[in-house]
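Architecture at a glance
This is what each chain is made of:
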Amino acid sequence: EAGVAQSPRYKIIEKRQSVAFWCNPISGHATLYWYQQILGQGPKLLIQFQNNGVVDDSQLPKDRFSAERLKGVDSTLKIQPAKLEDSAVYLCASSLERPYEQYFGPGTRLTVT
Amino acid sequence: AQSVSQHNHHVILSEAASLELGCNYSYGGTVNLFWYVQYPGQHLQLLLKYFSGDPLVKGIKGFEAEFIKSKFSFNLRKPSVQWSDTAEYFCAVNRKGGKLIFGQGTELSVKP
């Protein structure tokens with residue numbers, strides 16, 4: 001079974017630039033998650049999709065972050081404009097609707113200079 | 001606020017030593033509990049999970065965890081660690097259908 005795919009694996013940008021991350025979940029997984037993991041901390045949920053719809057985006061900084069999941073499969077997460085504090089690993093995960101076990105991708109390490 | 005606490009930030013053990021990593025959460029009610037592991041250079045992988053039933057759950061690679069509801073705890077154990085267990089370990093909790101909240105992680109270093 002193929003796992004969750006993410007690209008790019010690494011990205012370095014300057015502050016105020018924009019960046020986009022892509023995620024392809026495990027086939028058949030209806031639920032998709034984006035997490036932010038700052039160095040030394042556990043992952044923090046940014047947004048959760050159930051098929052095409054947003055279930056939880058309460059911790060997404062909507063003034064600069066946006067995410068979409070077209071056709072209920074792939075998803076993109078965008079940051080515009082980036083700030084220094086956005087430097088982190090951005091993880092994508094997917095799960096079946098139940099039993100809530102999430103499978104994680106390799107992540108994208110973002111460095112904002 | 002809902003939170004998950006992992007008591008140890010960095011644990012250093014020699015091979016064959018026993019391991020116990022603490023995890024406490026602040027939710028009330030029914031919860032799902034997880035331990036994830038991240039080996040160096042690899043992605044997060046599920047080590048074990050508890051949804052209901054026997055509070056002592058067994059996972060991969062000889063790990064087990066015990067859910068003690070009265071203590072809001074879900075500690076991870078392994079009787080004898082190996083050098084290959086060197087990794088970062090994350091406890092995570094969610095309510096049924098709710099978002100997953102992670103602890104800050106415990107880095108385990110096993111000396112050969």
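Residues numbered from 1 in each chain as written. Chains lettered and ligands numbered in written order. Predicted model: local features only at pLDDT ≥ 70, side-chain atom pairs only at ≥ 80, totals over all residues. Heavy atoms only, no water.

Brief notes about the overall build of chain B
The cut-off we apply is this: The helix count covers DSSP runs of H or I at least four residues long, the strand count covers runs of E at least two residues long, and both are numbered beginning at the N terminus. Computation of the radius of gyration draws on C-alpha atoms alone. For the globule rule, the value is 2.2 Å times the number of residues to the power 0.38. Exposed residues in this analysis have more than 50% of their type's maximum accessible area, buried residues have under 20%, and partly exposed residues fall in between, with area computed by a 1.4 Å probe over protein chains only.
Scanning chain B for helices and strands turns up 0 helices and 12 strands. Starting at the N terminus, the α and β elements of chain B follow one another as β-β-β-β-β-β-β-β-β-β-β-β. In summary, chain B has a C-alpha radius of gyration of 13 Å against a globular reference of 13 Å for 112 residues, a match within 12%. Expressed as lengths along the three principal axes of its C-alpha atoms, the size of chain B is roughly 40 × 25 × 20 Å. For chain B, the residues scored as buried account for 46% of the 112 residues in total.

A short note on the overall build of chain A
Applicable threshold: Every residue pair with non-hydrogen atoms within 4.5 Å of one another is taken to be in contact. The Shrake-Rupley method, run with a 1.4 Å probe sphere, supplies the accessible areas, and residue values consider only the shown protein chains as cover.
In terms of regular secondary structure, chain A is built from 0 helices and 11 strands. When the helices and strands of chain A are read in sequence order from the N terminus, they spell out β-β-β-β-β-β-β-β-β-β-β. The buried share of chain A, reckoned over its 113 residues, is 46%. Restricting to contacts in chain A with at least 6 residues of sequence separation, those with at least 24 account for 52%. Carbon together with sulfur atoms contributes 50% to the accessible area of chain A, which is approximately 5,700 Å² in total.

As for the pattern of salt bridges
Residue and element names in this part refer to chain A. Heads up, the condition is: Note on definitions: salt bridges are taken to be side-chain nitrogens of Lys or Arg within 4 Å of carboxyl oxygens of Asp or Glu.
Summed over the entire model, instances satisfying the criterion amount to 7 salt bridges over all chains. For the salt bridge of Asp 57 with Lys 62, the shortest nitrogen-to-oxygen distance reads 3.7 Å. Of the charged contacts, one joins Asp 86 and Arg 64 as a salt bridge, the two residues approaching to 2.5 Å between their closest N and O atoms. Of this pair, Asp 86 sits in the loop between strand S8 (75-79) and strand S9 (88-95) while Arg 64 is found in the loop between strand S6 (53-56) and strand S7 (65-68), placing the two residues 22 residues apart along the sequence. By relative accessible area, Asp 86 is classed as buried at 3%. Among the residues examined, Arg 64 registers a relative accessible area of 12% and is labelled buried.

A few points about the sheet that holds S7(A)
In sheet architecture, strand pairing relies on hydrogen bonds along the backbone and comes in two forms, parallel and antiparallel. Residues and elements named next belong to chain A. Selection rule: Strands were regarded as paired on the criterion that DSSP finds at least two bridges between them. Axis definition: a line fitted to C-alpha atoms, limited for helices to the stretch in contact. Angles are taken between N-to-C directions and run from 0 to 180 degrees.
The strand order across the open sheet formed by 4 strands is S1-S3-S8-S7, and the pairing between neighbours is antiparallel. With one partner strand each, in any of the chains shown, strand S1 (5-7) and S7 form the two edges of the open sheet. Sheet twist, expressed as the average angle between the axes of neighbouring strands with direction ignored, equals 15°. Examined bridge by bridge, S7 and S8 share 4 bridges and lie antiparallel to one another. The residue of S8 that forms the bridge with Phe 65 is Ile 79.

Details of the packing of aromatic side chains
How two aromatic rings sit relative to each other is set out by the distance from centre to centre and by the angle between their planes. Worth spelling out the cut-off: The aromatic pairing rule takes the rings of Phe, Tyr and Trp, using the six-membered ring of Trp, and pairs them if the centres are within 6.5 Å, calling planes under 30 degrees apart stacked, those over 60 edge-to-face and the rest tilted.
Scanning the model with the defined rule gives 15 aromatic pairs over all chains in all. Pairing Tyr35(A) with Phe104(A) gives two aromatic rings, centres 5.4 Å apart and planes at 45°, and the pair type is tilted. Residue Tyr35(A) is located in strand S4 (residues 31-37), and its partner Phe104(A) is located in strand S10 (residues 103-104); the two are separated by 69 residues in the primary sequence. For the residue pair Tyr35(A) and Phe104(A), the accessibility class agrees, reading buried in each case. Residues Phe34(B) and Phe51(B) carry aromatic rings whose centres are separated by 5.7 Å and whose planes lie at 75° to one another, so their mutual orientation is edge-to-face. With a gap of 17 residues between them, Phe34(B) in strand S5 (residues 31-38) and Phe51(B) in the loop between strand S6 (45-50) and strand S7 (56-58) connect regions that are remote in the sequence. Overall, Phe34(B) belongs to the buried group, its relative accessible area being 0%. Every member of this aromatic cluster is reached through a ring pair, and the members are Tyr33(A), Tyr35(A), Phe104(A), Phe34(B), Tyr36(B), Phe51(B), Phe90(B) and Phe102(B).

Some thoughts on the interface of chain B and chain A
How we decide: Summed over both partners, buried area is the accessible surface (1.4 Å probe) that two parts give up on being assembled. By the criterion applied in these results, polar contacts are pairs of N or O atoms within 3.5 Å in which, for protein atoms, one can donate a hydrogen and the other can accept it, and in which residues neighboring in sequence qualify only through two side-chain atoms. Classification used: nonpolar for Ala, Val, Leu, Ile, Met, Phe, Trp, Tyr, Cys and Pro, charged for Asp, Glu, Lys and Arg, polar for all others including Gly.
If you look at the interface, chain B gives 18 residues, while chain A gives 18 residues. Buried area between chain B and chain A, both sides added, is near 1,500 Å², and the carbon and sulfur share of it is 57%. Broken down residue by residue, the surface that chain B buries against chain A is led by Leu44(B), Lys99(B) and Phe102(B), which jointly contribute 32%. Of the charged contacts in the structure, one is a salt bridge between Lys49(B) and Glu101(A), with a shortest N-O distance of 2.4 Å. Here chain B and chain A share 3 residue pairs in polar contact (both at pLDDT 80 or more) between them. Looking at which element gives the most residues to the side of chain B that touches chain A, the answer is S5(B), with 4 residues. For the side of chain B that touches chain A, the per-class residue count stands at 8 nonpolar, 7 polar and 3 charged.

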